[in-house]
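# Structure at a glance
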Amino acid sequence: MQKLRIAVLISGGGTTLKNLIDWQLARELPVDFQLVISSNPDAQGLKHARAASIPTQIVSRKDFATAQEHSARIFDLCQEHDVQLLVMGGYVEHLLIAPEYENRVINIHPSLIPSFCGQGYYGKRVHQRAVEYGVKTSGCTVHFVDNEYDHGPIIAQRACAVYDTDTSDSLQNRVFELECQLLPEAIAAIAEERVEVRGRVVHVHAII
Ligand SMILES: Nc1nc2c(c(=O)[nH]1)N[C@@H](CN(C=O)c1ccc(C(=O)N[C@@H](CCC(=O)O)C(=O)O)cc1)CN2
Ligand SMILES: NCC(=O)N[C@@H]1O[C@H](COP(=O)([O-])[O-])[C@@H](O)[C@H]1O
């Protein structure tokens, strides 16, 4: 099978990127990493990319007048590297999708969308607010990215319990374990051409 040419967008620790690299090294993910793009020159995640010999590019938001110009630079790089799928892993900037990349950008969000998502909801804040609200179930969501935060068609979700003894740290750890399975599974489904988008509804066809 042809491997899917992917790029990963990061802003910080790169824990999602590291997990994808580990899956690819274990030959459980049919992808070739073309590029890691960071919005932050000091992102720790860049070390994971360099250790895996993946080319890196820094595209800082502050170097561009508008989110549109910043996003356009990111998609120009994707075109130059013939990227088929762009994956957000802890990316915090607002991305405006180039028409040719519609339904070719995905994100993993650490809650069950449409709960605890949108502007201001990223990283540990998501879990802090879920614990404060007292929900009994949380989880993670992989979705296609459109021009609104955490709004595009949902590809897959996985849930876990939330206990009244949980802190934002303990919940983050439990959800992250789910993320480490769900995102590679979703990417593999896209690579195997098993994912079909019909309006807002995504059909993920099983392997027969
Ligand atoms: N067009 C889209 N862009 C982005 C999406 C998306 O779904 N559509 N997802 C985010 C990732 N994300 C959660 O999954 C997320 C990240 C950041 C924010 C946020 O509130 N950001 C702050 C700025 C933070 C900073 O610069 O340090 C803000 O906008 O005020 C919300 C959701 C990535 N982009
Ligand atoms: N709203 C998006 C969001 O909150 N993403 C979350 O950032 C973490 C990875 O960040 P890292 O790569 O900086 O470790 C992941 O848990 C991901 O779900």
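First things first, this report covers the structure right here in the doc.

What counts, and at which threshold
Residues numbered from 1 in each chain as written. Chains lettered and ligands numbered in written order. Predicted model: local features only at pLDDT ≥ 70, side-chain atom pairs only at ≥ 80, totals over all residues. Heavy atoms only, no water. Axes fitted to C-alpha atoms, helices over the stretch in contact; angles between N-to-C directions. Helix = DSSP H or I, 4+ residues; strand = E, 2+ residues; numbered from the N terminus. Parallel < 35°, antiparallel > 145°, perpendicular 65-115°, else oblique. Left-handed = near helix turned anticlockwise from the far one by under 90°. Contact = heavy atoms within 4.5 Å. Nonpolar A, V, L, I, M, F, W, Y, C, P; charged D, E, K, R; others polar. Near = heavy atom within 4 Å. Polar contact = N/O pair within 3.5 Å; in protein donor to acceptor, adjacent residues only side chain to side chain. Areas by Shrake-Rupley, 256 points an atom, 1.4 Å probe, with all protein chains shown as cover. Domains from an automatic or database assignment.

### Comments concerning the packing of helix α4 (residues 124-133) against helix α5 (residues 168-191)
Put simply, α4 and α5 touch, their axes get as near as 8 Å, and they point 115° apart. The angle between the axes of α4 and α5 places the two elements in the roughly perpendicular class. Crossing of α4 over α5 shows right-handed handedness. Contact with α4, carried on its side by K124, H127, Q128, A130 and V131, involves S168, D169, L171, Q172 and V175 of α5 and no other residues of that element. Of the residues in the contact of α4 with α5, the class split is four nonpolar, four polar and two charged.

### Digging into the site of ligand 1
For ligand 1, the set of nearby residues contains 20 residues, the closest of which are E93, L95, N107, G120 and D150. D150 is positioned with one of its backbone polar atoms (N or O) 2.7 Å from an oxygen atom of ligand 1. Coverage of ligand 1 by the protein amounts to 82% of the 700 Å² it exposes when considered alone. Looking at the shell around ligand 1, its residues break down into eight nonpolar, eight polar and four charged. Summarising the domain contributions, the shell around ligand 1 has at least three residues from each of domain 1 (1-101) and domain 2 (107-190).

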